[in-house]
Amino acid sequence: MAAPGERATDNDCRAFLLDNPWSAAFISWVMVRASVPGFQPSPRHIDYIRAAYRADATPYRLADPAMEKPAPGDLLCFLRDRSDTLNHAGLMQALQAGRTDRWKSHCEVVVAANPGGDHTLYLVGGNVANTVIMRKLALDRAGRRELPVPPASTPDTLPSCSPGQEDACSFNRQDWAALLKLAPKLP
């Protein structure tokens, strides 16, 4: 419905024709550019999550995003393209069983958490709506994430985004299953 030549229309066509995932490449570029010691670049976010789970010489440890406070440099990750919501407990079970090789996920870098007491978490991620974005999420009084939980549903009952169902329209309503905590700097 947008006029030809409008930026949104051009981006949508480009994404449709050239839908190459680049969000993990973006995170890898950021981490390499920041000289994060021990970070292993990867074209897939699940590789960072598995490495943190195994503690494979990674600068991150896997934590439950509902239980720990995010801090700058951490990665907050969600599982995508799934018909069911797993959250952290389900992710841990799948990692223990070795069932995550081809899982699709998405991670974003925490750039600020609760600056000035604003109860907001600021994240930067790539390939969200085919661009680099800053996402703002609510934090509770303890500084932990206060994220909308995706509804437990099947693909047949998944609510669709519409004027009558605004809650289903939130890009923040994801299966936030992993917080990769950046290890404190060594002396």
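One structure accompanies this document, and this report is about it. Please read these numbers as outputs of a predicted model, since none were measured by experiment.

**A word on the pattern of salt bridges**
Applying the stated criterion to the full structure yields six salt bridges. Across the pair R50 and D101 runs a salt bridge whose closest N-O atoms are separated by 4.0 Å. Taken together, the residues R50 in helix α3 (residues 45-54) and D101 in the loop between α4 (87-97) and β3 (105-113) connect sequence positions 51 residues apart. Owing to a relative accessible area of 45%, D101 belongs among the partly exposed residues under this scheme. A salt bridge links K181 to D74, with the nearest nitrogen and oxygen atoms 2.9 Å apart. Here K181, found in strand β6 (residues 175-182), pairs with D74, found in the loop between β1 (60-63) and β2 (75-79); they are 107 residues apart in sequence, far enough to count as distant. You can call K181 buried: its relative accessible area is 13%.

**Considering the nonpolar core**
When a protein is soluble and globular, its nonpolar side chains tend to lie buried together. By size, the foremost hydrophobic cluster in this structure holds 26 residues, and its most contacted members are I27, M31, Y48, I49, L75, L91 and L180. Secondary structure elements with two or more residues in this core: α2 (23-33), α3, β1, β2, α4, β3 and β6. Setting aside anything within four residues of it in sequence, one finds L91 in contact with I49, L79, L86, T100, W103, A177 and A178. Formed by 10 residues, the second largest nonpolar core is a distinct cluster that contains V110, L137, L139 and L179.

Criteria and thresholds
Residues numbered from 1 in each chain as written. Predicted model: local features only at pLDDT ≥ 70, side-chain atom pairs only at ≥ 80, totals over all residues. Heavy atoms only, no water. Salt bridge = Lys/Arg side-chain N within 4 Å of Asp/Glu carboxyl O. Helix = DSSP H or I, 4+ residues; strand = E, 2+ residues; numbered from the N terminus. Buried < 20%, exposed > 50% of the residue type's maximum accessible area, 1.4 Å probe, protein only. Core = buried A, V, L, I, M, F, W, Y, C linked by side-chain atoms within 4.5 Å. Contact = heavy atoms within 4.5 Å.

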